[in-house]
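Observations on chain architecture
Spelled out, the chains give:
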Amino acid sequence: MLYVVTFLVLSPPFSLAFTADEVKNLTKYIFDTNAYDESLRPASNQVSPTDLKVSFNLLSINKLDELEEKLVTTAYLTLSWKDEFLIWDTTEFRINKLTLPQNWVWKPDFVLKNGFTEFKELGGSFYYVVLAFDGTLSWKPYQVFQSQCSIDVTYFPFDTQTCNIQFTMWSHYTYQVTLSSSSSSVEMGDYKVNKVWKITSTSQNIDNSGSNSIVTYTLNLKRKPGFYVENLVTPILFLGVLNILVFIIPADAGEKMSYCITVALGFIVFLTIVSSELPANSDNTPYLSKYLQIQIFMGGIALVISAIQLRLRHKSEEQKVYTPFKLLVKAAFCETVKANVSCKDKSIPVHGQNKEDGDTEEYDDSISWNDVSSAIDFVMFWIYIFVYCISTITIMTILQN
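Let us look at the structure shown here. (Residues numbered from 1 in each chain as written. Predicted model: local features only at pLDDT ≥ 70, side-chain atom pairs only at ≥ 80, totals over all residues. Heavy atoms only, no water.)

Our focus in this paragraph is the sheet that holds strand 8 (residues 160–169). Here four strands make up an open sheet; going across it, the order is 4-8-11-10 and the pairing antiparallel. Where the open sheet ends on each side, the last strands, each with one partner, are strand 4 (110–112) and strand 10 (197–207). The sheet shows a mean angle of 20 degrees between the axes of neighbouring strands, taken without regard to direction. Bridge analysis of strand 8 against strand 11 (residues 214–223) gives nine bridges, and the strand direction is antiparallel. Bridge assignment links glutamine 166 to a residue of strand 11, and that residue is threonine 216. (Pairing = 2+ DSSP bridges. Helix = DSSP H or I, 4+ residues; strand = E, 2+ residues; numbered from the N terminus. Axes fitted to C-alpha atoms, helices over the stretch in contact; angles between N-to-C directions.)

By the bridge criterion, three bridges tie strand 4 to strand 8 in an arrangement that is antiparallel. Each residue of the ladder has a partner; that of leucine 112, found in strand 8, is phenylalanine 167.

We now examine the environment of phenylalanine 85. Summarising the element assignment, phenylalanine 85 is placed in the loop between strand 2 (70–82) and strand 3 (97–101). Since its relative accessible area comes to 27%, phenylalanine 85 is described here as partly exposed. Sequence separation of phenylalanine 85 and glutamate 38 is 47 residues, and the distance between their C-alpha atoms is 9.7 Å. Excluding residues that lie within four positions of it along the chain, phenylalanine 85 makes contacts with Tyr36, Leu40, Arg41, Pro42, Ala43 and Ser44. (Buried < 20%, exposed > 50% of the residue type's maximum accessible area, 1.4 Å probe, protein only. Contact = heavy atoms within 4.5 Å.)

This part covers the state of the cysteines. Using the criterion set out here, one finds one disulfide in the structure. Between the sulfur atoms of cysteine 149 and its disulfide mate cysteine 163 the distance is 1.9 Å. The sign of the S-S torsion, about -70 degrees, decides the handedness of the disulfide formed by cysteine 149 and cysteine 163: left-handed. You can see cysteine 149 sitting in the loop between strand 7 (142–148) and strand 8 and its partner cysteine 163 sitting in strand 8, a full 14 residues away along the chain. You'll find cysteine 149 and cysteine 163 in the same group, each marked buried. (Disulfide = S-S within 2.5 Å.)

Counting 88 residues, the largest nonpolar core has Leu52, Phe56, Leu77, Phe110 and Phe167 as its most contacted members. Considering each element in turn, this core owes the most residues, 11 residues, to helix 8 (residues 369–400). Leave out the neighbours within four places in its chain, and leucine 77 touches Val54, Ser55, Phe56, Asn57, Phe110, Leu122, Trp139, Lys140, Pro141, Phe145 and Phe167. (Core = buried A, V, L, I, M, F, W, Y, C linked by side-chain atoms within 4.5 Å.)

A few words on the packing of aromatic side chains. Where two aromatic rings form a pair, the distance of their centres and the angle of their planes describe that pair. Under the criterion given, the structure shown has 18 aromatic pairs. When the centroid spacing of 5.4 Å and the interplanar angle of 15 degrees are considered together, the rings of phenylalanine 110 and phenylalanine 167 count as stacked. Separated by 57 residues along the polypeptide, phenylalanine 110 in strand 4 and phenylalanine 167 in strand 8 bring together distant segments of the chain. In this structure, phenylalanine 110 and phenylalanine 167 share a single accessibility class: buried. Each ring, one from phenylalanine 167 and one from tyrosine 217, has its centre 6.3 Å from the other, and the planes form 70 degrees; the classification is edge-to-face. Linking phenylalanine 167 in strand 8 with tyrosine 217 in strand 11, this pair joins segments that are 50 residues apart in sequence. Tyrosine 217 matches phenylalanine 167 in its accessibility class, with the two residues each being buried. What links up through ring pairs into an aromatic cluster is the set Phe56, Phe110, Phe145, Phe167 and Tyr217. (Phe/Tyr/Trp six-rings, centres within 6.5 Å; stacked < 30°, edge-to-face > 60°.)

Structure, rendered in structure tokens:
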């Protein structure tokens with residue numbers, strides 16, 4: 001209690017309550033007696049520039065639209081400057097600070113330079129400014145900002161984006177109004193975490209070297225990939241495995257072609273989904289789209305090979321198997337299909353002819369078109385496993401890094 005009494009006794013008169021009549025007298029003194037002109041830049045010497053202190057207070061990231069390359073944020077700016085025509089003597093008026101409608105005083109034409117929608121001034125008719133006895137004004141316009149943001153989706157869905165929010169003095173030149181910062185970076189004390197994007201870092205840059213002062217606030221964003229990994233990446237990887245299983249299905253099963261077409265259509269559907277979520281430009285293509293294109297290409301090759309394979313499988317057994325196909329069967333099964341001839345079996349010559357040559361001829365005659373079909377499945381199965389593993393590991397490593 002003693003501290004409160006001491007504070008009230010020692011405090012100057014303007015720290016106590018004041019009446020409405022005193023406020024009316026002060027506003028009449030400022031705007032009528034002194035004939036305040038809100039269109040005049042608040043500097044007695046019009047040669048010296050007005051220093052405008054700026055800070056950007058980010059509240060939330062509403063949306064980052066990859067298709068339109070638009071960043072939507074909710075934030076408010078804190079602008080402060082000194083008006084040399086709005087100073088009063090506190091011994092005559094006991095008021096320390098005064099709240100006034102923003103249109104009553106001069107305010108900077110501070111605008112969003114890289115806006116996405118219509119060009120308009122900050123604030124509104126219902127906004128107020130806080131005026132101190134020494135002429136210092138504080139203005140906090142709150143707004144939903146829609147700014148342009150160039151999107152690079154090369155590493156989608158593990159991508160990072162850098163978005164700039166630029167403000168400038170539109171009508172006042174640098175020699176009239178200069179910008180300075182009242183904070184070291186973007187203020188995020190009241191920031192609400194976004195569910196899709198994580199802010200890794202922020203920065204600001206003030207440029208007073210040009211004809212108009214510009215302040216740029218940079219947001220470095222990293223996508224949270226959990227949703228896309230579960231609903232997009234994982235199904236694509238499983239579809240790649242299904243692409244390999246085409247060559248496990250026997251040619252006699254009758255569903256080989258329809259299965260192959262179904263898998264290829266699945267890849268096309270996922271490619272459509274990825275394309276619909278990303279901007280349509282030719283500057284950068286996601287590695288994930290390239291991976292899908294590889295899988296679609298492999299599915300097309302599998303479809304062609306399956307068609308040829310079925311054609312060969314249903315050839316007449318009386319028709320002689322061509323030499324290239326015999327070599328393919330030997331390479332695939334190490335010459336042990338029907339003749340059960342070992343690859344390493346060495347025989348003793350009889351009557352001037354190697355027994356091995358006889359066995360080889362007998363083995364060649366025993367190769368059927370069914371063996372050719374099985375050999376194609378065997379070879380293509382391992383080729384597809386190799387290509388799938390190499391392409392998947394390469395793409396995933398690039399995306400993760």
